[in-house]
Amino acid sequence: MSVFKNKTAQREGFAIDTLIGPDMTVRGDLEFSGGLYVEGRVIGKVLAVAGKPASLVLGESGSIEGEVHVPVVIVNGSLVGDVHASERIELAPKARVTGNVHYTVVEMSAGAQLTGRLVHATAAAAEPAPIAPASRWTEVPASSRLKVQYFYRLGLQDFEKG
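Computed from a predicted structure; not experimentally measured.

Cut-offs and rules
Residues numbered from 1 in each chain as written. Predicted model: local features only at pLDDT ≥ 70, side-chain atom pairs only at ≥ 80, totals over all residues. Heavy atoms only, no water. Core = buried A, V, L, I, M, F, W, Y, C linked by side-chain atoms within 4.5 Å. Buried < 20%, exposed > 50% of the residue type's maximum accessible area, 1.4 Å probe, protein only. Helix = DSSP H or I, 4+ residues; strand = E, 2+ residues; numbered from the N terminus. Contact = heavy atoms within 4.5 Å. Pairing = 2+ DSSP bridges. Axes fitted to C-alpha atoms, helices over the stretch in contact; angles between N-to-C directions.

Engineer: Help me understand the nonpolar core in this model?
Structural biologist: The tendency in soluble globular proteins is for nonpolar side chains to be buried as a group. One finds Val 46, Leu 56, Val 68, Val 70 and Val 73 to be the most contacted residues of the largest nonpolar core, which totals 27 residues. Every element with two or more residues in this core is listed here: strand 5 (30-32), strand 6 (34-38), strand 8 (46-48), strand 9 (54-58), strand 12 (72-75), strand 14 (83-85), strand 15 (88-91) and strand 17 (101-103). Looking at this core element by element, the count peaks at 3 residues for strand 9. Ignoring any residue separated from it by four or fewer positions in sequence, one finds Val 70 in contact with Phe 32, Val 46, Ala 48, Ala 54, Ser 55, Leu 56, His 84, Ala 85 and Ser 86.

This is the structure in C-alpha cells:
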C-alpha cells in the first residue's frame, strides 16, 4: 500500500492538486497546473502553465502579494496585485483585493472588497491607443461654439483665444 494516493482532493467544489497550508509562506513565483488552494501566504507571482487547465482558490486565511495569471480564480482572502483571470473570477464575501482585476466573467458576493479597477478582457483588447494631447487652442466645431461662448461669459478664460 502506497502512502501517496493518486487522488485529488475536493475543496469548495474544485479539484485540488496542491495545497499551501496556513502555516506556510512561499517566497518567489509559483507556476502550476490543476488546482491550487492557498491557505497560507504567497509572496510572488502565481502563474498557470500555458495550455493546461488551472484554478486557484485563495482561502479565507490565505494571502497573495503579487500578480496572478490563472484562468479560474476564487478569492476569499487577501490579494495585493493585479489579477488576470482568462475564464472567470469569483470574489467571495471575505475577499480583499487591492489591484486591477482583468476578467472575462466576474462574480462578486456581498461583502467582497475591491480597491482597483474591473477591466473586461474584450474591453482591454479593444481599447484604443492613447490619443496624443492636442494643443491648448484647438478649433471648436460649430455645434460646440455656443457652449464655448457660455463658458466664456461665466469667466472661464481657458476657452479664450488670445
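On we go from here.
Engineer: Quick question: what am I supposed to make of the sheet that holds strand 13 (residues 78-80) here?
Structural biologist: Pairing between the strands of a sheet is mediated by backbone hydrogen bonds and can be parallel or antiparallel. Read from one edge to the other, the open sheet built from 6 strands follows the order 4-7-10-13-16-19, with strand pairing classed as parallel. With partners counted over all chains shown, the strands left at the sheet margins are strand 4 (25-27) and strand 19 (113-115), one partner each. This sheet shows a mean twist of 5 degrees between the axes of neighbouring strands, independent of strand direction. Here 3 bridges tie strand 13 to strand 16 (residues 96-98), and the two strands are oriented parallel to one another. Bridging from a neighbouring strand, Ser 78 pairs with Arg 96 of strand 16.

Engineer: Can you walk me through the sheet that holds strand 18 (residues 106-108) in this structure?
Structural biologist: As summarised here, the arrangement of the 6 strands in space is 3-6-9-12-15-18, forming an open sheet in which the pairing is parallel. Here the strands that pair on one side only, and so sit at the sheet edges, are strand 3 (18-20) and strand 18. Ignoring strand direction, the axes of neighbouring strands in this sheet form an average angle of 10 degrees. Direction of pairing for strand 12 relative to strand 15: parallel, over a ladder of 4 bridges. In the strand pairing of strand 15, Val 75 is matched with Leu 91.

Engineer: It is not clear to me how the pairing of strand 15 should be interpreted in this structure. Could you clarify?
Structural biologist: Successive side chains on a regular strand alternate, one facing one side of the sheet and the next facing the other. Two strands pair when backbone bridges link them, and strand 15 and strand 18 are joined in this way by 3 bridges, in the parallel orientation. Considered in strand 18, the bridge of Leu 91 is made with Met 108.

Engineer: Just checking my understanding: could you explain the side chain of Ser 63 for this structure?
Structural biologist: Along the chain, Ser 63 turns up in strand 10 (residues 63-65). For Ser 63, the residues in contact, after removing those within four places along its chain, are Val 38, Gly 40, Arg 41, Val 42, Leu 58 and Ser 78.

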